[in-house]
Amino acid sequence: MPRIKTNGLRIEYESLGSAKSEAVLLIMGLGAQLTQWPAALCEKLVERGYRVIRFDNRDVGLSSKITKGSKLSYSEMLASLGEGKSDFAPYSLADMASDAIGLLDGLKIDKAHIVGMAMGGMIAQTIAAEYPDRTLSLTSIASTSGNPDLPGPEEEVLRLMLSPAPVVSDLSGIVARDIELNRLIGSPDYPTEAATLKEWAMRDALRAYYPAGILRQMAAAMSGGDRRAALAKIKAPTVVLHGAADRYIPVAAGEDTAKNIPGAELRVVPGMGHDLPTALAGTVAEAIVAAAERATGPRPAVEAGATTRNDEAGKPGPFSRMFRRFRRAIVPA
């Protein structure tokens, strides 16, 4: 996959569909690589006439890693917040939003439909509020307004997320932890088969494993504070999508997000947790398209199965890419 240089960083991305189509920018959440946007979802959006761009945020996947803030701890971050401090974060949600805008600049895209999942939803909200001229529509998925009165993750979920991460050489431990997390926060009514979960976990672990970046991204999210005043500034057509069974970011957070964005449509999905199961690819695609069509109207459909990958010409072949990814999994950039 190609990279764009912005803000002194290298941002890994993938572009699907025609470069002439309206762009949908997909922003993933805490510690999640671009691969966690389901292929089925991307294909459905391309078939609906959109160009889909997914990318690795800074500090995750094959994008640049940050060295500042290597000694952060969750307890220290909580203590700082309790004292009214937010300078513990080595970078902010605004910085991550700037990365996304830099990616659009590099691709010469003036405006895009902005979509974010969880922390990616916080980044997407920030883009819609601070870069209105770059935002066609907003879809905020499984995210929050930052309202401090909202409920947080269930204790069992938080305990696992804050437990020590397996070392890079412990591939079986990495995979087991990923599967266990999905068991806790995945969609109870739309479970993903165990074999598929293992395949996805192996894929991501071999592509890039960098747990140090997760705590820095968490610091950015925690220091972002209450965004309700910023949400009130958003003018772009917005859909807020949330799972009724989300144990990590409870549905009350989605309800509060929608309440604070003028004209936002709230879609609560029964039986959906804090993931994007293939079975719900159509539901998620419809939410994104609903926001997009409110902004710019329907797009001409593309024949099913006509998904194309751009920016791949002249790139290394499958074996070369596999070797490169394995090497980066052991020695992060």
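Coordinates for the structure precede this section.
Right, let's walk through the structure included here. (Residues numbered from 1 in each chain as written. Predicted model: local features only at pLDDT ≥ 70, side-chain atom pairs only at ≥ 80, totals over all residues. Heavy atoms only, no water.)

Turning next to helix 1 (residues 39-47). Within helix 1 the residues assigned to the buried category are Leu41, Cys42, Leu45 and Val46. Along the axis of helix 1, the buried residues cluster in a sector spanning 135°; they form a single face. Against strand 2 (9-16), strand 3 (22-27), strand 4 (50-55) and helix 11 (281-296) lie the buried residues of helix 1. Phi for Gly49, located one or two positions after helix 1, is positive at around 100°. (Buried < 20%, exposed > 50% of the residue type's maximum accessible area, 1.4 Å probe, protein only. Helix = DSSP H or I, 4+ residues; strand = E, 2+ residues; numbered from the N terminus. Arc of directions from axis to C-beta. Contact = heavy atoms within 4.5 Å.)

Okay, the nonpolar core next. If you look at the biggest cluster of nonpolar residues, it comprises 40 residues, and the most contacted ones within it are Trp37, Leu41, Leu45, Met117, Ile141 and Leu276. Elements with a contribution of two residues or more to this core: strand 3, helix 1, strand 4, strand 5 (112-117), helix 5 (155-161), helix 6 (171-185), strand 7 (238-243) and helix 11. It is helix 11 that contributes the most residues to this core, 9 residues altogether. Other than its neighbours up to four places away in sequence, Leu41 contacts Ala281, Val284, Ala285 and Ile288. Grouped together as the second largest cluster of nonpolar side chains are 35 residues, Ile4, Ile66, Ile109 and Ala128 included. (Core = buried A, V, L, I, M, F, W, Y, C linked by side-chain atoms within 4.5 Å.)

Next up on the list: unusual backbone geometry. With phi around 60°, Lys108 is a residue other than glycine that occupies positive phi space. Relative to the helices and strands, Lys108 resides in the loop between helix 3 (93-106) and strand 5. A positive phi angle, close to 50°, is found at Ala142, a residue other than glycine. You can see Ala142 is positioned in the loop between strand 6 (135-141) and helix 5.

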